[in-house]
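Topology and contacts: notes
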Amino acid sequence: MSWQDYVDKQLIASRCVSKAAIAGHDGNVWAKSEGFDISKDEVAKIAAGYENESLLTSGGVTIAGTRYIYLSGTDRIIRAKLGKVGVHCMKTQQAIVISLRLFTYLWILKIERAVD
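Residues numbered from 1 in each chain as written. Predicted model: local features only at pLDDT ≥ 70, side-chain atom pairs only at ≥ 80, totals over all residues. Heavy atoms only, no water.

What follows concerns the nonpolar core. Formed by 20 residues in total, the largest nonpolar core has its most connected members in I46, V61, I63, I78, C89 and I98. Elements represented by at least two residues in this core include exactly strand 1 (19-24), helix 2 (40-51), strand 3 (61-63), strand 4 (66-73), strand 5 (77-82), strand 6 (85-91) and strand 7 (95-102). Among the elements that line this core, the one with the most residues is helix 2, at four residues. Here I63 is in contact with F36, I38, E42, I46, Y68, V87, I98 and L100, once residues within four sequence places are set aside. Residues L11, A20, I22 and V97 belong to the second largest nonpolar core, which totals eight residues. (Core = buried A, V, L, I, M, F, W, Y, C linked by side-chain atoms within 4.5 Å. Buried < 20%, exposed > 50% of the residue type's maximum accessible area, 1.4 Å probe, protein only. Helix = DSSP H or I, 4+ residues; strand = E, 2+ residues; numbered from the N terminus. Contact = heavy atoms within 4.5 Å.)

Here's what the structure looks like:
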């Protein structure tokens, strides 16, 4: 399975994610969903934020030209939000998976059921 197949057939097809991208730690975008114009510089800043959280707390998380408010993070996960759109970034050994999701009432119910 290619990286593009993973984005399209796993992440987007799950319907839990509205936009997604997979990129290297250097910022190079390997695959992205249609219309998701995330840049190499934006990914590179996210990658740097895993090591230096102050980059994200002071400047937020910018994805495809939109600045999201940094919520929390660890050495592997970054979370941000703007309005009803949530951002979830996951760092693996080789890549960073970046996803956007729209918080709706049905989506929240789905999460509650999964947690229960």
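With that out of the way, let us pick up the pairing of strand 5. Alignment of strand 4 against strand 5, held across four bridges, turns out to be antiparallel. Among the inter-strand pairings, Y70 is bridged to a residue of strand 5, identified as A80. A loop of three residues connects strand 4 with strand 5, the two strands running antiparallel in sequence. Pairing of strand 5 with strand 6, which is carried by six bridges, proceeds in the antiparallel orientation. Looking at the pairing, I77 lines up with M90 of strand 6. (Pairing = 2+ DSSP bridges.)

This part takes up the pairing of strand 7. Of all eight residues making up strand 7, seven are buried, and the element is well covered by its neighbours. Note that strand 1 and strand 7 share six bridges and pair antiparallel. Across the sheet, the residue bridging to A23 is I96, located in strand 7.

This brings us to helix 2. With 12 residues, helix 2 extends 18 Å from end C-alpha to end C-alpha; this agrees with the ideal 16 Å at 1.5 Å per step. Every buried residue of helix 2 is listed here: E42, V43, I46, A47, G49 and Y50. Here the buried residues of helix 2 occupy an arc of 155° about the axis, which is enough to place them on one side. The outward face of helix 2, more than 90 degrees from its buried face, is lined by the exposed residues D41 and E51. (Expected span 1.5 Å × (residues − 1). Arc of directions from axis to C-beta.)

These results come straight from atomic positions and should not be treated as a statement about function.
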